[in-house]
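# Reading the structure
Here's the letter readout for the chains.
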Amino acid sequence: MNLTLHLTENCNMDCSYCIREKCPKDMTEEVLFKACDLAFSRGQSAGLCFFGGEPLLKKDLIYKALDYCEAKSQQTGKRFSCKMTTNGTLLEEEFLERAVKADMGIGLSFDGKAQDVCRFYAGGGTTSSVVEKKAKLLLKYMPNATALATIAPQAVPYYAESVRYLHDLGFSKVSFVIAYGNRVNWTDDDLEALRGQLEMTASYLKELFIRKEHFFMSAINAKIRDCISGKNPAERCHLGVRQMPVTPDGDLYPCTSFIGDKNYLLGNVFEGINDKKVTEIARKASTPETCVNCDLVKRCTNSCGCSNRMNTGDENKVSPLQCTYERMLIEISDALGEELYQIDPERFAREFS
Ligand code: SF4
Ligand code: SF4
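Every chain is numbered on its own, with residues counted from 1 as its sequence reads. A letter from A marks each chain and a number from 1 marks each ligand, given out in the order of writing. Only residues with pLDDT of at least 70 are given local features in this predicted model, and only at 80 or more are side-chain atom pairs given and counted; all residues enter the totals for whole chains, interfaces and linings.

### A short note on the overall build of the protein chain
For the protein chain, the count of helices and strands is 12 helices and 13 strands. For a compact globule of 353 residues, the expected C-alpha radius of gyration is about 20 Å, and the protein chain comes in at 20 Å, within 12% of that figure. Its C-alpha atoms put the protein chain at 55 × 45 × 45 Å along the principal axes. Three exposure classes are used. Buried residues have 20 or more other C-beta atoms within 10 Å of their own C-beta, exposed residues have 12 or fewer, and partly exposed residues fall in between, all C-beta atoms being placed from the backbone. Going through the 353 residues of the protein chain one by one, you find that 41% of them count as buried. Taking the intrachain contacts of the protein chain between residues at least 6 apart in sequence as the baseline, contacts between residues at least 24 apart amount to 71%. Only runs of H or I of at least four residues qualify as helices and only runs of E of at least two qualify as strands under DSSP, and these elements are numbered from the N terminus. Atoms counted for the radius of gyration: C-alpha only. Globule rule: 2.2 Å times residue count to the power 0.38. For every residue pair, C-beta atoms are placed from the backbone, and the pair is scored as a contact if these atoms sit within 7 Å.

Dropping the structure here:
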């Protein structure tokens with residue numbers, strides 16, 4: 001099974017949109033090893049995602065988990081995979097060498113040209129020059145690493161420029177999401193500006209397609225791919241069935257935004273998973289009532305319980321912000337998809353199916 005390990009609640013950064021309460025609380029080795037055992041206890045493979053706060057503050061725990069799980073994989077014959085999301089400031093060669101050996105997938109949280117608008121060190125200070133250097137280092141070891149950008153309203157003017165910048169740095173995969181939660185406030189003007197930036201981004205993606213350069217920009221490319229393959233993006237949210245977070249104390253929850261709400265506690269690494277509760281919570285992941293009759297219901301992330309909860313306090317209620325954003329994204333992605341298909345149908349089919 002797949003677990004997301006919150007190795008620490010601490011972070012060396014303080015991003016303006018961050019919804020996590022930072023405190024110096026770290027996972028103990030005892031919880032770590034129990035979590036590894038749990039990951040191997042179900043299914044044919046074990047997957048760990050190292051997460052935080054900032055997981056590289058607890059590099060020692062990552063090394064221990066890798067050694068332990070690799071040995072366990074040999075003993076059990078079960079496949080082990082791992083990934084990590086990091087702000088990148090603490091990346092260094094020694095760690096990357098070990099990560100490459102473990103075939104770790106790394107997602108670098110990096111807002112590109114908007115980095116210094118929203119992402120600061122705890123205690124102040126900009127981070128763009130350090131993270132740019134670390135991004136180059138990461139790409140030297142892992143050319144397929146992903147850059148993960150979170151766009152808050154004040155970062156919107158830098159959106160398209162950031163996509164271009166991250167591509168120029170060498171990323172072949174970038175993921176752009178908009179910031180949700182109570183630390184951001186989107187206005188209609190911000191959303192209109194976002195539309196303009198998404199259109200500029202679509203033009204850039206078209207330019208790359210014509211130049212035959214492979215570049216995957218989620219959100220837009222993912223919308224085109226899901227449309228072609230008939231995948232419903234909302235089905236990726238399974239409220240804990242596929243990827244369960246583990247807190248530093250060893251508690252298990254359906255998704256990061258539910259952490260701390262005892263009504264959603266699914267067990268802990270010492271006593272195991274409460275399967276009845278998992279089934280009960282998974283059943284709650286349904287199409288929101290307001291979306292049932294919408295033409296876009298199968299194209300939209302309306303059932304992402306995590307973001308719905310962050311925005312509306314209810315996992316089955318979509319916020320007007322998300323609805324507007326999804327409509328905008330689908331419209332722009334469809335227009336781009338149509339253009340790319342006209343340019344080169346064969347290449348289009350190869351890239352998106
Ligand atoms: S790096 Fe991540 S955990 Fe740390 S403050 Fe920024 S968003 Fe929050
Ligand atoms: S576009 Fe809006 S109404 Fe339609 S499915 Fe998405 S969130 Fe629901």
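### Describing the environment of Met 1
Structurally, Met 1 can be placed in the segment before strand E1 (2-6). Among the residues examined, Met 1 registers 17 C-beta atoms within 10 Å and is labelled partly exposed. For Met 1 and Gly 43, which are 42 residues apart along the polypeptide, the C-alpha to C-alpha distance reads 5.7 Å. Sequence-distant contacts of Met 1, defined by excluding residues within four places in its chain, comprise Ala 39, Arg 42, Gly 43 and Ala 46.

### With respect to the site of ligand 2
Near residues are defined by distance alone, with the backbone-placed C-beta atom required to lie within 6 Å of the molecule or strand. Lining the immediate surroundings of ligand 2 are Thr 290, Cys 291, Cys 294, Leu 296, Val 297, Cys 300, Asn 302, Val 318, Gln 322, Cys 323, Glu 326 and Arg 327. Taken together, the residues that form the shell around ligand 2 break down as seven nonpolar, three polar and two charged. Charged means Asp, Glu, Lys or Arg here, nonpolar means Ala, Val, Leu, Ile, Met, Phe, Trp, Tyr, Cys or Pro, and polar covers whatever is left, Gly included.

### A closer look at the nonpolar core
Among the nonpolar cores identified, the biggest contains 86 residues, and Leu 5, Ala 35, Leu 48, Phe 50 and Ile 151 are the most heavily contacted of them. In terms of residues, this core owes the most to one element, helix H1 (residues 29-41), which gives six residues. If near-sequence neighbours (up to four positions away) are discounted, Ala 35 is found in contact with Leu 3, Leu 5, Val 246, Gly 250 and Val 269. Definition of nonpolar core: a set of buried Ala, Val, Leu, Ile, Met, Phe, Trp, Tyr and Cys residues joined via C-beta atoms within 7 Å.

### With respect to helix H10 (residues 305-312)
Within an α-helix, residues lying three or four positions from one another point in the same direction, as the helix has 3.6 residues per turn. Every buried residue belonging to H10 is among Gly 305, Ser 307, Asn 308, Arg 309 and Met 310, and all of these are buried. Buried-residue contacts for H10 involve helix H11 (320-343). Downstream of H10 by one or two residues, Gly 313 has phi in the positive range, about 85°.

### Details of the site of ligand 1
The environment of ligand 1 is made up of Cys 11, Met 13, Asp 14, Cys 15, Cys 18, Arg 20, Gly 52, Gly 53, Glu 54, Asn 87 and Ser 109. At three residues, strand E2 (residues 13-15) tops the list of elements feeding residues into the shell around ligand 1. When its residues are assigned to classes, the shell around ligand 1 shows four nonpolar, four polar and three charged.

### Let's talk about the pairing of strand E4 (residues 79-86)
Here E4 shows one buried face, formed by Phe 80, Cys 82, Met 84 and Thr 86, and one open face, formed by Arg 79, Ser 81, Lys 83 and Thr 85. Note on pairing: DSSP must find at least two bridges between two strands before they are called paired. Where strand E3 (residues 45-51) meets E4, six bridges bridge the pair, whose relative direction is parallel. Looking at E4, one finds that Gly 47 is bridged to Ser 81. Handedness of the β-α-β unit built from E3, helix H2 (residues 59-76) and E4 comes out right-handed. Where E4 and strand E5 (residues 105-109) come together, four bridges link them in parallel fashion. Its bridge partner lying in E5, Thr 85 is registered against Gly 107. Whether a crossover is right-handed comes down to one check: with the strands pointing away from the viewer, does the path from the first strand over the helix to the second run clockwise; if it does, it is right-handed. Crossover connection from E4 via helix H3 (residues 93-101) to parallel E5: handedness right-handed.

### Notes on the packing of H1 against H2
The geometry of a pair of packed helices is captured by two quantities: the angle between their axes and the separation between those axes. Between N-to-C directions, angles span 0 to 180 degrees; the directions come from axes that are lines fitted to C-alpha atoms, helices contributing only their stretch in contact. Close contact between H1 and H2 brings their axes to 10 Å; oriented N to C, the two are set at 30°. The way H1 lies across H2 gives a crossing that is right-handed. Two secondary-structure elements touch here, H1 through Glu 29, Leu 32, Phe 33, Cys 36 and Phe 40 and H2 through Leu 61, Lys 64, Ala 65, Tyr 68, Cys 69, Lys 72 and Thr 76. When its residues are assigned to classes, the contact of H1 with H2 shows eight nonpolar, one polar and three charged. Should the near helix be turned anticlockwise from the far one by less than a right angle, the crossing is termed left-handed; should it be turned clockwise, right-handed.

### As for unusual backbone geometry
Leave glycine aside and you will find that most residues have negative phi; peptide bonds, for their part, are mostly trans. In the segment running from Gly 52 into Gly 53, the intervening peptide bond is cis, with an omega of 20°. Relative to the helices and strands, Gly 53 is located in the loop between E3 and H2. A positive phi is found at Asp 103, a non-glycine position, where the angle reads about 55°. Mapped onto the secondary structure, Asp 103 falls in the loop between H3 and E5. A residue is classified by how many C-beta atoms lie within 10 Å of it, and Asp 103, with 11 of them, is exposed. With a phi close to 60°, Lys 212 is a non-glycine residue in the positive phi region. The topology assignment puts Lys 212 in the loop between helix H7 (188-210) and strand E9 (216-218).

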